[in-house]
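Residues per chain, in single letters:
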Amino acid sequence: MLLHRNIMSILSDRINNLSESATLKMTKLGRELAAKGVNVISLSVGEPDFNTPEHVKEAAKKALDDNFTRYSPVPGYPDLRQAIVNKLKQENNLDYDISQIVVSTGAKQSLSNVILTLINPGDEVIIPTPYWVSYSEMVTLAEGKSVFIDASIESDFKITPEQLEAAITPKSKLFMFSSPNNPTGTVYSKDELAALAKVFEKHPNIFILSDEIYEHINFVDQHESIAQFESIKDRVIIVNGFSKAFAMTGWRLGYIAASKEIAAANDKLQGQTTSGTCSIAQRAGIVAYEQGLDTVNEMKKAFARRRQLVYDLLKDIPGVKTNLPEGAFYFFPEVSSFFGKKDADGNVIKGSGDLALYLLNVGHVATVGGDSFGNDNYIRLSYAASDESLVEALRRIKEALGKLS
Ligand code: PMP
Ligand code: GLU
């Protein structure tokens, strides 16, 4: 019987060394508390609170009726890959052909595929902090080593070319980042990306994984991709998907755009693991891309309004320091002034994980501790929630934080 043995001794080192996803864990805890009848406001998981656009849903229904119900080609249907190529040209002015596109079961799988296809044990992966929770854990799974570059609120969570240069060693194999960023909302400008690209020009063995899943939720400018710099383009792997732009988180549809060779390697890996992603989701994805960005732009308007709302409310909480994020739908406020304080039962808040649990259990607001994003001084709030929920959540957070002594 498994239960009679120490489960850790049974499981692989690979899984024993892996942390649970903090975003998903906090969301699960929030759901569990809500199931007990507590009115919990969830600002933990990052997903649009909108429904998938009608025309996309209709396309999925039609796909079923048209019997798109069998295995698809491993890298995706050719016409979906062509729609992605067209999107990259029209929206980003980037040239790819369909042999460079591999469709996957979400951007998350694409990230994992890329890391597994490039990283040998001991290879270094350079990751600016704060980073999205799963980056470093995916590197651990591939037996690579994460090398972090710290960026804080003072630099608007951006790294400099000098910091990048200093992090590079002969073992550096991959640099991975997201812009707009999860969890900070930071957006790199074209000039800032050009300065990073100049550093990569000097280091031809380093690949660049550019996670652009939030490209359409950008409040400052048009989206800029680091793949636009021809001198490094063949080493850039763009990861993108449909989850955020089309409120399609549950459909599981993402992709990479990369050199032919890297795309072929991802295709091979996927062929031995998951095969082509859901046929129905893929047919719907074609329609999402072909019918343009009207629905995304509507969502963006709501996010812009809520960003201002949350910014004003956060600034009003003593001890909380925040910047105004330029993209995505997160705030990543500095909360270290609460560390060392005690709750009503005398428990000390030792770090951001404790603070997130305190806010959940006492304030009934689910957030995520910054420790899981590589910086313990912060917590992450998703503002993909209704205006009323946000006002109430921020009221509760302020009240709960005010009770710490
Ligand atoms: N990258 C970032 C930065 C994310 O926040 C997420 C979460 N949605 C993903 C990738 C994964 O997206 P998907 O739902 O397409 O797997
Ligand atoms: N990307 C979202 C987040 O950061 C979804 C949850 C996840 O996949 O981790 O909350």
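First, a word on what this report is: a plain description of the structure on this page. (Residues numbered from 1 in each chain as written. Chains lettered and ligands numbered in written order. Predicted model: local features only at pLDDT ≥ 70, side-chain atom pairs only at ≥ 80, totals over all residues. Heavy atoms only, no water.)

Re the nonpolar core
Next, step 1: Counting residues in hydrophobic clusters, the biggest one holds 76 residues, and the most contacted among them are Ile115, Met176, Leu355 and Leu401.
Next, step 2: Among the elements that make up this core, the one with the highest residue count is helix H14 (residues 387–402) (six residues).
Next, step 3: Excluding its chain neighbours within four sequence positions, the residues that come into contact with Leu355 are Val335, Phe338, Ile349, Ile379, Leu401 and Leu404.
Next, step 4: Ranked by size, the runner-up nonpolar core spans 50 residues in total, among them Leu164, Ile168, Ile208 and Ala288. (Core = buried A, V, L, I, M, F, W, Y, C linked by side-chain atoms within 4.5 Å. Buried < 20%, exposed > 50% of the residue type's maximum accessible area, 1.4 Å probe, protein only. Helix = DSSP H or I, 4+ residues; strand = E, 2+ residues; numbered from the N terminus. Contact = heavy atoms within 4.5 Å.)

Considering the site of ligand 2
Next, step 1: Surrounding ligand 2, one finds 13 residues, the nearest of these being Thr23, Gly46, Lys108, Trp132 and Arg380.
Next, step 2: Within the side chain of Lys108, one N or O atom sits 2.8 Å away from an oxygen atom of ligand 2.
Next, step 3: The fraction of the free accessible surface of ligand 2 (280 Å²) that becomes covered by protein chains is 88%.
Next, step 4: When atom positions are compared with the pocket grids, ligand 2 is found to occupy the largest pocket.
Next, step 5: The class makeup of the residues in the shell around ligand 2 is five nonpolar, five polar and three charged. (Near = heavy atom within 4 Å. Polar contact = N/O pair within 3.5 Å; in protein donor to acceptor, adjacent residues only side chain to side chain. Areas by Shrake-Rupley, 256 points an atom, 1.4 Å probe, with all protein chains shown as cover. 1 Å grid on protein atoms, 1.4 Å probe; cavity = no way out; pocket = protein on both sides within 12 Å on 5 of 7 lines; lining within 4 Å. Sits in = over half its atoms within 2 Å of the grid points. Nonpolar A, V, L, I, M, F, W, Y, C, P; charged D, E, K, R; others polar.)

Some remarks on the layout of surface pockets
Next, step 1: Of the volumes computed, that of the largest pocket is approximately 430 Å³.
Next, step 2: Forming the boundary of the largest pocket are 22 residues, of which Gly46, Lys108, Trp132, Lys244 and Arg252 lie nearest the centre.
Next, step 3: At the level of secondary structure, the elements contributing two or more residues to the lining of the largest pocket comprise helix H3 (22–35) and helix H6 (107–118).
Next, step 4: In terms of residue count, the dominant contributor to the lining of the largest pocket is H6 (three residues).
Next, step 5: Class assignment for the residues of the lining of the largest pocket results in nine nonpolar, seven polar and six charged.
Next, step 6: Along the wall of the second largest pocket there are 22 residues; nearest its centre are Leu18, Ser134, Glu137, Met138 and Leu141.
Next, step 7: When contributions to the lining of the second largest pocket are tallied by element, the ones reaching two or more residues are H6, helix H7 (134–141) and helix H10 (260–273).
Next, step 8: Partitioning the lining of the second largest pocket into residue classes produces eight nonpolar, ten polar and four charged. (Points joined across faces, edges and corners; volume = space filled by probe spheres on them.)

Structural measurements only, silent on function.
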